[in-house]
Amino acid sequence: MLSYDLHIHTEYCGHAPGMTVAAICKQAARLGLSAIAITDHVFEHSDIAKIDKIRAEAKAFQGHCTVYIGAEVDVDADHADGRLVTETFDDLDYVIAGFHYVPTVGNYPRGPEDNSLSAEAFMEVWQTSLLGVVSNPQIDTLAHPGRLLASAVDLEVYFEDALCVLEKAAALSAKNHIAWELNELTGYRLDGYWQEQWWRIYRIALDAGVKLVYGSDAHAPETIGMHTFVDLVREKLPKHCLARPEEVMRL
Ligand SMILES: [Zn+2]
Ligand SMILES: [Zn+2]
């Protein structure tokens, strides 16, 4: 069991039933976690109000487990420069950038056939957006690197090109002190072959001096702290490659 989990959603996002702040904190305590970050989605600036509500509710549960109040702030899909949907999040302990939608068209592809851009056009806006995201020192962590790529293009064709872009992104991330997230949920979106290849993304990060942190991306209480896929990735990486939560918080 890892000692922390820095990516957890609540029922306020509308697609995580049962994830009350109380249920999350209870599960974290049951698992003996020393720290969690509740990082609900911010799809637009007004969603920050929801984060304030979570912070107020979490006050009652500060005990052995440190509860950080963060957000997964979306990359603004109306642009291809990686700007976030809001830059006003001074009160947050932890900001992770969630890159979910195809830049300029804004859809959420379930597979390459679902991508409304050509693969070439996608790779172009994916690159400019990603490099823009990791140029923003306001961000603490890049959520699930590579997940959008995996659902938007054929990895057989584009993975090696993507690794070259990720090398550039890693250099910028190191410069701007942006960690990369080892994300459990991403594993369930990849087939077995690509699950086995996913460590290469994190090897690039480590080689550039980027910190790695773990997040389950839990949308249900029983998936908090789960790291089956993350362990598969970590097997191919140096031992103790994960940073501690306090190394990546904004505090
Ligand atoms: Zn996400
Ligand atoms: Zn998430």
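This text gives an overview of the structure that appears in the document. (Residues numbered from 1 in each chain as written. Chains lettered and ligands numbered in written order. Predicted model: local features only at pLDDT ≥ 70, side-chain atom pairs only at ≥ 80, totals over all residues.)

**Considering the overall build of the chain**
Of regular secondary structure, the chain possesses nine helices and seven strands. Here the C-alpha radius of gyration of the chain, 17 Å, is about what a compact globule of 251 residues would show, namely 18 Å. Overall, the C-alpha framework of the chain stretches about 50 × 40 × 35 Å when taken along its three principal axes. A separation threshold of at least 6 residues defines the contact pool for the chain, and within that pool the share at least 24 residues apart is 77%. (Helix = DSSP H or I, 4+ residues; strand = E, 2+ residues; numbered from the N terminus. Rg over C-alpha atoms; globule rule 2.2 N^0.38 Å. Contact = placed C-beta atoms within 7 Å.)

**With respect to the pairing of strand β3 (residues 66-74)**
Side-chain direction in a regular strand flips from residue to residue, so the side chains alternate between the two faces of the sheet. For β3, the tally of buried residues reaches eight of nine residues, placing the bulk of the element in the interior. Sheet topology note: the strand β2 (residues 35-42)/β3 ladder contains eight bridges and is parallel. Within β3, the residue paired with D40 across the bridge is A71. Running through helix α2 (residues 48-58), the crossover from β2 to the neighbouring parallel element β3 is right-handed. Two strands pair when backbone bridges link them, and β3 and strand β4 (residues 94-98) are joined in this way by five bridges, in the parallel orientation. Residue pairing in the sheet places V73 in a bridge with A97 of β4. (Buried ≥ 20, exposed ≤ 12 C-beta atoms within 10 Å, placed from the backbone. Pairing = 2+ DSSP bridges. Right-handed = clockwise from strand over helix to strand, strands pointing away.)

**Examining helix α5 (residues 155-175)**
Here α5 contains 21 residues, and its C-alpha end-to-end distance of 28 Å stays within 8% of the 30 Å for a straight helix at 1.5 Å per residue. The largest bend in α5 amounts to roughly 30° and is located at D161. Along α5, the residues that are buried comprise Y158, A162, L166, A169, A170 and S173. The secondary structure elements touched by the buried residues of α5 are α3 (119-133), β5 (141-142), α4 (147-152), β6 (179-183) and α8 (199-208). The first or second residue beyond α5 is H177, which carries a positive phi of 55°. (Expected span 1.5 Å × (residues − 1). Bend = angle between axes of the 7 residues up to and from the residue.)

**Details of the nonpolar core**
The tendency in soluble globular proteins is for nonpolar side chains to be buried as a group. I24, I36, I38, A97, V133 and A205 are the most contacted members of the largest nonpolar core, which has 70 residues in total. The residues contacting I38, other than those within four sequence positions of it, are I8, T10, V21, I24, I54, A58, V67, I69 and G70. (Core = buried A, V, L, I, M, F, W, Y, C linked by C-beta atoms within 7 Å.)

**Some remarks on the packing of α5 against α8**
Look at α5 against α8: their axes get within 9 Å of each other, and the N-to-C directions meet at 35°. Classified by chirality, the crossing of α8 by α5 is right-handed. Residue-level contacts link L163, L166, E167, A170, A171, S173 and A174 of α5 to R200, I201, I204, A205 and A208 of α8. Of the residues contributing to the contact of α5 with α8, the split by class is nine nonpolar, one polar and two charged. (Axes fitted to C-alpha atoms, helices over the stretch in contact; angles between N-to-C directions. Left-handed = near helix turned anticlockwise from the far one by under 90°. Nonpolar A, V, L, I, M, F, W, Y, C, P; charged D, E, K, R; others polar.)

**Considerations on the sheet that holds β5**
Strand order in the open sheet formed by seven strands is β1-β2-β3-β4-β5-β6-β7, with parallel pairing between adjacent strands. With one partner strand each, in any of the chains shown, β1 (4-8) and β7 (212-215) form the two edges of the open sheet. Taken together, the four bridges between β6 and β7 define a ladder with parallel strand orientation. If you follow N183 over to β7, its bridge partner there is G215.

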